Amino acid sequence: MNRTILILTAALLSLPMAAKTGIKDLRVENMSNPLGLNTDKPRFSWQITSDKKDVIQTAYQIVVSNDGGEVWNSGKVASAEQLWIPYQGQQLRSGTFCTWRVKVFTNKGETEWSEPQRFSIGLLSESRWSGNWIGFERLMPGEERDVLHTRLAARYLRKEFQLKDKEIKRATAYVAGIGLHEFYVNGQRMGDGVLQPVPSDYRKTIYYNTYDVTESIINYPLMCEGAGRCLCLGIILGNGRLFPMQQHKPYKIPTFGFPKCRINVFVEYTDGSVQR
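So, how was this worked out
Residues numbered from 1 in each chain as written. Predicted model: local features only at pLDDT ≥ 70, side-chain atom pairs only at ≥ 80, totals over all residues. Heavy atoms only, no water. Helix = DSSP H or I, 4+ residues; strand = E, 2+ residues; numbered from the N terminus. Buried < 20%, exposed > 50% of the residue type's maximum accessible area, 1.4 Å probe, protein only. Polar contact = N/O pair within 3.5 Å; in protein donor to acceptor, adjacent residues only side chain to side chain. Contact = heavy atoms within 4.5 Å. Pairing = 2+ DSSP bridges. Disulfide = S-S within 2.5 Å.

(A) Broad picture of the side chain of Ser45. Mapped onto the fold, Ser45 is located in strand E2 (residues 43–50). Take Ser45: its relative accessible area is 6%, and that puts it in the buried class. A distance of 3.0 Å separates a polar side-chain atom of Ser45 from the backbone nitrogen of Trp84. When residues no more than four places from it in sequence are discounted, the contact partners of Ser45 are Asp25, Leu26, Arg27, Gln82, Leu83, Trp84 and Trp100.

(B) Main features of the sheet that holds strand E19 (residues 260–269). Read from one edge to the other, the open sheet built from four strands follows the order E16-E13-E19-E20, with strand pairing classed as antiparallel. The sheet is open, and its two edges are formed by strand E16 (208–212) and strand E20 (274–275), each paired on a single side. Sheet topology note: the strand E13 (residues 168–178)/E16 ladder contains five bridges and is antiparallel. The residue bridging Thr172 from the neighbouring strand is Asp212, located in E16.

(C) Representation of the state of the cysteines. Under the definition given, this model contains one disulfide. Linked covalently through their sulfurs, Cys224 and Cys230 form a disulfide whose S-S length is 1.5 Å. In this structure, the disulfide formed by Cys224 and Cys230 twists by about 120 degrees around the S-S bond and is classed as right-handed. Side by side, Cys224 and Cys230 carry an identical accessibility label, which is buried.

(D) Local environment of the sheet that holds E2. Strands sit in the order E1-E2-E6 across an open sheet of three strands; the sheet is antiparallel. Strands at the two margins of the open sheet, each flanked by one partner only, are strand E1 (21–28) and strand E6 (85–86).

Fair warning: the whole summary comes from geometry, so function is off the table for now.
And the structure:
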């Protein structure tokens, strides 16, 4: 009996084990689950994991879907590429939310489908924005502006908006800032970044940030005066680089006035309607 067990054990150990191959670090435009991409043709990347050596990708398959269903199925593509695979499906419009997943084929077998990841398209042109730039266009008490020294306090803006009495599916905020900002929805700060948005030459480019504000509206409900739910937007504006500390060399240190912002919020309801 003991000899039989030893022979069976030796036989099992001699059998080749199947490689456990998986996928990790899925990215779109080199970001994980990004919101507000500035392109309608995003690029996909991933990494392969395996407990075996010499595992080589031979093909991949990518599937992208939006709220209406599948918008791109690459089919099985014979390729070893894992970086910057371009989207080639239906046109993605501003504000579109998508999920995507990938399956990889290797010389040691194929992987399972990855867990769905998400991304969204931003507001791709000026024509997609509404509203005006807002801010305080003057010095406030205690502030000063001269050649060698300036003093500018943070500016606080707040406004409430009436929401429709419907079930909310998703809410997204696009916040463009000249200067720096901290953005709040129903008292909850959005994002964990600092010194946002990233610096730029405002004569050429103004960046914006995209926030998923759904949970802040649903989990922290506010009631407006009278009846109905409210959406309360708050923002703190700081000077950043647009209102420099010194102006003794204006040809080297351009100024752009006072901090400003422009905010567009889209609240999507489960019945298909959208409140802007």
